Amino acid sequence: MHIGKRKLKSVLAVFVAFWLWQLVRIPFPDLEMHPVFVYIYGIIEIRDTSSKTVDFGKKRIKSTVIALSLGLPILAVSKYLQSHVSEGYLGIAIELGMLLFGVLLTLIVAEKAGCDSFTGLAATVFAVLFASGANTDPYIYAVLRAFQTIVGVFIAWLINVQLFPYHGKSLASNADENVETSKQDDSQKTIM
């Protein structure tokens, strides 16, 4: 079993996330003990190179901000419409219609904003923000989840770019490895 630097950096990201979140909890003790989304994105954004961490982190944050900026007003309109409709199928239809509209709008805006492969993520974040948080205020839940995503990306950036940068194997070392392999192949041919 090989435990490489990337695995160690991922563990460090979770460690930092836990303790940073405990500092956030000091003024807000009702927050959950474990910042699940900080853990998730702190681990995911420890990429195989520092440049990928920066590039993908920017796109993840952009996607999250798009989802939040569309999600909050659409959620507000949905809640408003539902408060003026009696319970039943019409309320369910309104909520489903607003969810579908929001997903489509988020996909369009994320694509126009150049989120590339993170366009689907923006729509997923919108759906999670729209549909989750039944036990809490949905607006606080949405902002908290987006905040956790941004903190997770920041922790990954701090660890993988600032503290322990890795730029991948250099072209020179790859060329040296190829020359060495070629020499070994030639020597084996001579022996045979």
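Structure report, in brief.

## Quick notes on the overall build of the protein chain
Link 1 in the chain: Of the regular secondary structure elements, the protein chain holds 7 helices and 0 strands.
Link 2 in the chain: Reading the helices (α) and strands (β) of the protein chain from amino to carboxyl end gives α-α-α-α-α-α-α.
Link 3 in the chain: A burial count over the protein chain gives 36% of its 192 residues as buried.
Link 4 in the chain: As displayed, the protein chain has an accessible area near 11900 Å², and 69% of this comes from carbon and sulfur atoms.

## Observations regarding the side chain of serine 63
Link 1 in the chain: Topologically, serine 63 is positioned in helix H3 (residues 50-83).
Link 2 in the chain: The exposure class of serine 63 is buried, given its relative accessible area of 0%.
Link 3 in the chain: The residues contacting serine 63, other than those within four sequence positions of it, are Cys115, Phe118, Leu121 and Ala122.

## What about the packing of H3 against helix H6 (residues 138-163)?
Link 1 in the chain: Their axes nearest at 10 Å, the elements H3 and H6 cross at an angle of 175 degrees. With respect to H6, the axis of H3 lies roughly antiparallel.
Link 2 in the chain: Taken together, the residues of the contact of H3 with H6 break down into 17 nonpolar, 6 polar and 2 charged.

## Quick word on a nonpolar patch on the surface
Link 1 in the chain: A surface patch of nonpolar side chains, amounting to about 420 Å² of accessible area, comprises Met1, Ile3 and Leu8.
Link 2 in the chain: For leucine 8, the position within the fold is in helix H1 (residues 5-25).

## Observations regarding H6
Link 1 in the chain: Spanning 26 residues, H6 covers 36 Å between terminal C-alpha atoms, matching the ideal 38 Å at 1.5 Å per step.
Link 2 in the chain: Among the residues of H6, the N-terminal cap falls to aspartate 137, whose side-chain oxygen and the backbone nitrogen of tyrosine 139 are separated by 2.8 Å.

## Some details on helix H5 (residues 119-131)
Link 1 in the chain: Between its terminal C-alpha atoms H5 stretches 19 Å, which fits the 18 Å expected from 13 residues at 1.5 Å a residue.
Link 2 in the chain: Residues of H5 that are buried include every one of Thr119, Leu121, Ala122, Ala123, Val125, Phe126, Leu129 and Phe130, and no others.
Link 3 in the chain: Looking at the buried residues of H5, the elements they touch are helix H2 (36-44), H3, helix H4 (89-112) and H6.

Procedures and definitions
Residues numbered from 1 in each chain as written. Predicted model: local features only at pLDDT ≥ 70, side-chain atom pairs only at ≥ 80, totals over all residues. Heavy atoms only, no water. Helix = DSSP H or I, 4+ residues; strand = E, 2+ residues; numbered from the N terminus. Buried < 20%, exposed > 50% of the residue type's maximum accessible area, 1.4 Å probe, protein only. Areas by Shrake-Rupley, 256 points an atom, 1.4 Å probe, with all protein chains shown as cover. Contact = heavy atoms within 4.5 Å. Axes fitted to C-alpha atoms, helices over the stretch in contact; angles between N-to-C directions. Parallel < 35°, antiparallel > 145°, perpendicular 65-115°, else oblique. Nonpolar A, V, L, I, M, F, W, Y, C, P; charged D, E, K, R; others polar. Patch = residues over 30% accessible without salt bridge, like charges linked within 9 Å, V, L, I, M, F, W, Y side chains within 5 Å. Salt bridge = Lys/Arg side-chain N within 4 Å of Asp/Glu carboxyl O. Expected span 1.5 Å × (residues − 1). Polar contact = N/O pair within 3.5 Å; in protein donor to acceptor, adjacent residues only side chain to side chain.

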